[in-house]
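Survey of secondary and tertiary structure
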Amino acid sequence: MIRISKLYIPPISVISLCALFILEPGIYFFIILFSVLFHELCHILVMRFLKIRISSLTLLPLGIDIKSRGETAGYKKQIAVSLAGALGNLFLFFIFKSSHSFFAYTNLLYALFNLLPIKGLDGGEVLLGFFCLFLEADKSENILKAVSFVFCVILWVIGVYILFILNGNISIFALSVFLFASIFIKTENCL
């Protein structure tokens, strides 16, 4: 049994879910929601397997922030937990890829996006855990911030190009701004 002390749902998350429902009505909303929830469930199952106790869940616009109960899990466990969600999405992609369905490609894109080495995404947590195996926590955090900054700038340029040159949608641009802001928000260092 998985016990969780607290579940937080900030107003921005409710607004984001409503916006997603408006922008992707019908079955697409539920496919995206299922892919995100499956991703997070994979994190929770690996935490459970590794005997990491969960203290709280916070619903965020890009997923769920899972907090453990104060104990130090270790860097290798941090890496395993961080990889679990993307590996779960890749598993679903490989099962359904022959159908060339929206479901299959949603899971592929969500996995690849989450593996970007940006603070706040799973790829950033993997990179941080890896650096913490060899370097001090503060130095690891600074390297992650620099790598995250570079990748956010790349996302921002892609977003500007899509938005203004292709007259496309604002999603990548907004996402890059959100991730850029998250780089400088102080969080815990290594697990």
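See the structure above.
Residues numbered from 1 in each chain as written. Predicted model: local features only at pLDDT ≥ 70, side-chain atom pairs only at ≥ 80, totals over all residues. Heavy atoms only, no water.

Counting its secondary structure elements, the chain contains seven helices and three strands. Listing every helix and strand of the chain by position from the N terminus yields β-α-α-β-β-α-α-α-α-α. Its C-alpha atoms give the chain a radius of gyration of 17 Å, near enough to 16 Å, the size a compact globule of 191 residues would have. Overall, the chain is about 45 × 40 × 35 Å in size when its C-alpha atoms are taken along their principal axes. The proportion of buried residues among the 191 residues of the chain is 37%. Within the chain, counting contacts between residues at least 6 apart in sequence, those at least 24 apart form 62% of the total. Taken as a whole, the chain presents about 11200 Å² of accessible surface, with 74% of it coming from carbon and sulfur. (Helix = DSSP H or I, 4+ residues; strand = E, 2+ residues; numbered from the N terminus. Rg over C-alpha atoms; globule rule 2.2 N^0.38 Å. Buried < 20%, exposed > 50% of the residue type's maximum accessible area, 1.4 Å probe, protein only. Contact = heavy atoms within 4.5 Å. Areas by Shrake-Rupley, 256 points an atom, 1.4 Å probe, with all protein chains shown as cover.)

Turning our attention to the environment of Val-157. Residue placement: Val-157 occurs in helix α6 (residues 137-165). Take Val-157: its relative accessible area is 46%, and that puts it in the partly exposed class. With 65 residues separating them in the primary sequence, Val-157 and Leu-92 have C-alpha atoms 30 Å apart.

So, about the environment of Leu-57. If you trace the backbone, Leu-57 turns up in strand β2 (residues 54-60). Between the C-alpha atom of Leu-57 and that of Lys-67, which follows or precedes it by ten residues, the distance is 6.4 Å.

As a further point, take a nonpolar patch on the surface. On the surface, Phe-149, Val-150, Val-153, Ile-154, Trp-156, Val-157, Ile-158, Val-177, Phe-180 and Phe-184 cluster together to form a nonpolar patch covering roughly 860 Å² of accessible area. Contributions of two or more residues to the nonpolar patch are made by α6 and α7 (171-183). Here the element with the most residues in the nonpolar patch is α6; it accounts for seven residues. The topology assignment puts Val-150 in helix α6. On the basis of relative accessibility, which here comes to 44%, the residue Val-150 falls in the partly exposed class. (Patch = residues over 30% accessible without salt bridge, like charges linked within 9 Å, V, L, I, M, F, W, Y side chains within 5 Å. Salt bridge = Lys/Arg side-chain N within 4 Å of Asp/Glu carboxyl O.)

With that settled, the discussion passes to the sheet that holds strand β1 (residues 6-8). Read across the sheet, three strands follow the order β1-β2-β3 without closing on themselves; strand pairing throughout is mixed. Looking at the sheet topology across the chains shown, the edges are occupied by β1 and β3 (63-68). Between one strand axis and the next, the sheet turns by 15° as a mean value, whatever way the strands run. Sheet topology places β2 next to β3; six bridges connect them, and they run antiparallel. Within β3, the position partnered with Ile-54 by the bridge is Ser-68. Relative to the sheet, helix α2 (residues 27-49) contacts β2 and β3, its axis offset from that of β3 by approximately 15°. (Pairing = 2+ DSSP bridges. Axes fitted to C-alpha atoms, helices over the stretch in contact; angles between N-to-C directions.)

Where helix α3 (residues 75-96) contacts helix α5 (residues 122-134), the two axes come as close as 8 Å, and the packing angle between them is 165°. Judged on the interaxial angle alone, α5 and α3 are roughly antiparallel. Judged by the sense of rotation from one axis to the other, the crossing of α3 with α5 is left-handed. Two secondary-structure elements touch here, α3 through Tyr-75, Lys-76, Gln-78, Ile-79, Ser-82 and Leu-83 and α5 through Asp-122, Glu-125, Val-126, Leu-128, Gly-129, Phe-130, Cys-132 and Leu-133. Considered class by class, the residues forming the contact of α3 with α5 number eight nonpolar, three polar and three charged. (Parallel < 35°, antiparallel > 145°, perpendicular 65-115°, else oblique. Left-handed = near helix turned anticlockwise from the far one by under 90°. Nonpolar A, V, L, I, M, F, W, Y, C, P; charged D, E, K, R; others polar.)

Attention now moves to the nonpolar core. Soluble globular proteins: nonpolar side chains tend toward being buried together. In terms of nonpolar packing, the biggest core is built from nine residues, these being Ile-44, Met-47, Leu-50, Ile-52, Ile-54, Leu-57, Ile-66, Ala-73 and Val-81. Listed in part, the eight residues of the second largest apolar core include Leu-121, Leu-155, Leu-175 and Ile-183. (Core = buried A, V, L, I, M, F, W, Y, C linked by side-chain atoms within 4.5 Å.)

We now examine the pairing of β2. Within a regular strand, the side chains alternate between the two sheet faces. Counting buried residues along β2, five of its seven residues qualify, which places the element largely inside the surrounding structure. Bridge count between β1 and β2: three bridges; the pairing is parallel. In the strand pairing of β2, Leu-7 is matched with Leu-57. In textbook terms, the turn of a hairpin is the stretch between consecutive antiparallel strands, and for β2 and β3 this stretch comprises two residues.

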